[in-house]
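Next come the chains, spelled out residue by residue.
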Amino acid sequence: MLWSALRLSCGRGSLARGLGTRGGGFTRGWDGKVSEIKKKIRSFLPGGALDPLFNTSHLPPEQADVVIVGGGVLGLSVAYWLKRLEKRQGAIRVLVVERDHTYSQASTGLSVGGIRQQFSLPENIQLSLFSVNFLRNINEYLAVSDAPPLDLQFNPSGYLLLASENDAAVMESNVKMQRQEGAKVCLMSPEQLRNKFPWINTEGVALASYGLEDEGWFDPWCLLQGLRQKVRSMGVLFCQGEVTRFVSSSTCMTNTSGEEVSLKRIYEVHVKMDHSLEYQPVECAIVINAAGAWSGQVAELAGIGHGPPDTLQGTRLPVEPRKRYVYLWHCPQGPGLETPLVVDTSGAYFRREGLGNNYLGSRSPTEEEEPDPGNLEVDHAFFQDKVWPLLAQRVPAFETLKVRSAWAGYYDYNTFDQNGVVGPHPLVVNMYFATGFSGHGLQHAPAVGRAVAEMVLEGSFQTIDLSPFLFSRFYLSEKTEEGNII
């Protein structure tokens, strides 16, 4: 197995850096000895593998090359690309740990499923272009023998972003850059807007941008299940449980400024089993933090942010759960079948859902309006007071809409610059991030998964340079701000 070979290696590149868990002065501590003692004690206990009293089929393996914390689309995408890009089939043992096997609170299944190129950063546009190609050719990537083909129900109706007089110049600059990156986006005047979409009230609209190709929405649940099915067929292991502890070794080094820094390497992950007090230690070489809204908490378990203020050691991962509402309403006289996903000047948005004059939509709250993320209860008054008036002002037909249902989900919200965190931590050297996308992680998952796998396997980004998304920007206070967050 790759594990055995790599832990003896101190060679070049990211594999030696990431997967060589015991080399370079790192030592195994008392926790490792305790783990070995526990294993020996278990070996003397009565009951074999077939004894139901001692059934261990629900436990994760005792060793894995890569442990992925979080089994949503980002974590699954990393697993997929690690297996797809491995040099020899079966060389990398990947374990995905997910605490909610129903995905009832996962951001993926509660998303509106949009994909667009209309971002303000070149990297996000490149991620979208890669991902939409993946989605359009989904069965070339995720086909499994004897399984029916996947149908993502991709609706290429585009995004329509509206800008006020104050925001028109920024929109024009963004569209110029989007076109340079290869996106098919056009600008529309209020008159052009009225001609194409007569149901829109253009009052207060100075300019609009409209995605002509490869924008729209798809079924996120289908993508999630397709990825799970595919990675299982590739040999990826799954475990239902919660990561509660990382066991690390450390060594001291001197940086270029002459300062002494402590580098940590995780060599064991403790997984608490569902509905149980027991945990299973898993020896590993690489940890991928793809825990979504809870990735900040997972980073804290690894000691990230535990240090003096204004130091790299004291810099935390600024990702936290933010609750977002989605409302489903019916409106018999509402916009027709060619309706794009519309984002109003106010931030309110909507799109069609199916063929029966049903619509999905909402608005992100302001900082002052942020709801308690401790539960997923829906605030129906938020729609009545903060969303519906904006929708009805922009689309007069929505005056008569009737709300049919609603739900809430989580953004993995990056409070620093509302953008993704991708790649390794500079001090916990074998923890890699795939998180913090603040609402656009689903649509970028195929590309981000590949980027993380490239960094693990090759030591650098190969397909899309995501260096601006590295963790170090938090310490350096270098924001990579995405202006088009919906």
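See the structure printed just above.
Below you will find a few notes about this structure. (Residues numbered from 1 in each chain as written. Predicted model: local features only at pLDDT ≥ 70, side-chain atom pairs only at ≥ 80, totals over all residues. Heavy atoms only, no water.)

## Some thoughts on the packing of helix α4 (residues 73–85) against helix α12 (residues 441–458)
Basically, it comes down to this: Every axis corresponds to a line fitted to the C-alpha atoms, with the helix fit spanning only the stretch in contact, and the corresponding angles, defined between N-to-C directions, vary from 0 to 180 degrees. Here a strand is any run of E in DSSP of at least two residues, a helix any run of H or I of at least four, and the numbering for each starts at the N terminus. Roughly parallel here means an angle under 35 degrees, roughly antiparallel means over 145, roughly perpendicular means 65 to 115, and every remaining angle is called oblique. In this scheme the crossing of two helices becomes right-handed for a clockwise turn of the near helix relative to the far one and left-handed for an anticlockwise turn of less than a right angle. Residue contacts are counted whenever heavy atoms from the two residues lie within 4.5 Å of one another. Ten residues, namely Ala, Val, Leu, Ile, Met, Phe, Trp, Tyr, Cys and Pro, are considered nonpolar, four, namely Asp, Glu, Lys and Arg, are considered charged, and the remaining ones, Gly among them, are considered polar.
Two elements in contact, α4 and α12, have axes whose closest approach is 7 Å; the angle formed by their N-to-C orientations is 40 degrees. Of the possible angle classes, the one that applies to α4 and α12 is oblique. Crossing angle aside, the handedness with which α4 passes α12 is right-handed. Counting all contacts with α4, which are made through V73, L74, S77, V78, W81, L82 and L85, the residues of α12 involved are G441, L442, A445, P446, V448, G449, R450, V452, A453, E454, V456 and L457. When its residues are assigned to classes, the contact of α4 with α12 shows 14 nonpolar, three polar and two charged.

## Some words on empty space enclosed by the protein
Here is the rule: Put plainly, a pocket is an open set of points on a 1 Å grid over the protein atoms alone with protein on both sides within 12 Å along at least five of seven lines, a cavity is a set where a 1.4 Å probe fits but cannot get out, and a lining residue has an atom within 4 Å of a point. Grid points are joined across faces, edges and corners, and a volume is the space filled by probe spheres set on the points.
This structure, assessed with the given rule, holds two cavities of 30 Å³ or more. If you add up the space inside the largest cavity, you get close to 50 Å³. Considering the residues around the largest cavity, the lining is formed by V342, D344, A348, Y349, F350, L390, L391, R394 and V395. Elements that contribute at least two residues to the lining of the largest cavity include exactly β13 (349–352) and α11 (380–394).

## Topic: the pattern of salt bridges
Selection criterion: Any Lys or Arg side-chain nitrogen located within 4 Å of an Asp or Glu carboxyl oxygen qualifies as a salt bridge. Buried means the residue's accessible area, taken with a 1.4 Å probe over protein chains only, is under 20% of the maximum for its type, while exposed means over 50%, and partly exposed covers the values in between.
According to the stated counting rule, one finds 14 salt bridges in the structure shown. We note a salt bridge from R99 to E242, for which the minimum N-O separation is 3.5 Å. Note that R99 is positioned in the loop between β2 (94–98) and β3 (114–115) and E242 in strand β8 (residues 237–254), a separation of 143 residues in sequence. On the basis of relative accessibility, which here comes to 40%, the residue R99 falls in the partly exposed class. With its nearest N and O atoms 2.7 Å apart, the salt bridge here joins R136 to D214. Of this pair, R136 sits in helix α5 (residues 122–136) while D214 sits in the loop between β6 (207–211) and β7 (216–217); the two residues are 78 residues apart in sequence, bridging distant segments of the chain. Connected through salt bridges with shared partners, the residues E320, R322, R324, E367 and E370 form a single ionic network.

## Some thoughts on the sheet that holds strand β11 (residues 319–330)
In plain terms, the rule: At least two DSSP bridges between two strands are needed for those strands to be called paired.
Judged by pairing direction, the sheet is mixed, and its eight strands sit side by side in the order β5-β6-β4-β12-β13-β14-β11-β15 without closing on themselves. Since the sheet does not close on itself, it has two edges, and those belong to β5 (185–188) and β15 (402–414), each with one partner. Across the sheet, the mean angle separating the axes of adjacent strands is 20 degrees when strand polarity is ignored. The pairing of β11 with strand β14 (residues 358–362) spans four bridges and is classified as antiparallel. Residue Y327 lies in a different strand from β14, and its bridge partner there is G361. This element, helix α7 (residues 168–180), spans β4 (159–163), β5 and β6 of the sheet and lies at about 155 degrees to β5.

## What to know about the layout of surface pockets
Approximately 740 Å³ is the volume found for the second largest pocket. Lining of the second largest pocket is provided by 35 residues; of these, V343, G347, G483, N484 and I485 occupy positions nearest its centre. Secondary structure elements with two or more residues in the lining of the second largest pocket: β4, α7, β11 and β15. Per element, the largest residue contribution to the lining of the second largest pocket is five residues, and it comes from α7.

## Some thoughts on the nonpolar core
Rules: Buried residues of nine kinds, namely Ala, Val, Leu, Ile, Met, Phe, Trp, Tyr and Cys, make up a nonpolar core once their side-chain atoms join them within 4.5 Å.
Ranked by internal contacts, the top residues of the largest apolar core, which has 55 residues, are I68, F134, L142, L223, I288, V422 and V452. No other element matches the ten residues that α12 contributes to this core. Sequence-distant contacts of L142, defined by excluding residues within four places in its chain, comprise Y80, F134, L150, L223, G226, L227 and K230.

## Brief notes about the pairing of strand β1 (residues 63–69)
The criterion, for reference: With its strands directed away from the observer, a crossover is right-handed exactly when the path from the first strand over the helix to the second travels clockwise.
With six of its seven residues buried, β1 lies for the most part within the structure. With four bridges connecting them, β1 and β2 associate as parallel partners. Directly across from I68, in β2, lies its bridge partner V96. One crossover worth recording links β1 to the parallel β2 by way of α4, and it is right-handed.

## Structural notes on unusual backbone geometry
If you check the backbone angles, N357 has positive phi at about 60 degrees while not being a glycine. As for its placement among the helices and strands, N357 is situated in the loop between β13 and β14. On the accessibility criterion, N357 (22% relative accessible area) is partly exposed. Positive phi, close to 55 degrees, is recorded for S438, a residue that is not glycine.

## Thoughts on the side chain of N414
Tracing the sequence through the fold places N414 in strand β15. A relative accessible area of 0% means that N414 is categorised as buried. What N414 contacts, discounting residues up to four positions off in sequence, is P318, V319, N419, V421, G436, S438, R473 and F474.

## Brief notes about the environment of A285
Mapping A285 onto the fold places it in strand β10 (residues 279–289). Looking at A285, the relative accessible area reads 1%, which means it is buried. Between the C-alpha atom of A285 and that of Q63, which follows or precedes it by 222 residues, the distance is 9.0 Å.

## Focus on α11
What counts is decided by this rule: Every helix has an expected span of 1.5 Å times one less than the residues it contains. The term bend refers to the angle at a residue between two fitted axes, each drawn through seven residues, those ending there and those starting there. In the analysis that follows, any N or O atom pair within 3.5 Å is treated as a polar contact, provided that within protein one partner can donate a hydrogen and the other can accept it, and provided that, for residues neighboring in sequence, both atoms belong to side chains.
For α11, built from 15 residues, the straight-helix expectation of 21 Å at 1.5 Å per residue is met to within 8% by its first-to-last C-alpha distance of 20 Å. V387 marks the point of greatest bend in α11, at about 45 degrees, and the proline P389 comes within the next four residues. Taken together, the buried positions of α11 are occupied by F382, F383, V387, L391, A392 and R394. Of the surrounding elements, those touching the buried residues of α11 are β4, β11, β13, β14 and β15. A distance of 3.0 Å separates the backbone nitrogen of A381 from a side-chain oxygen at the start of α11, and that oxygen is part of D379.

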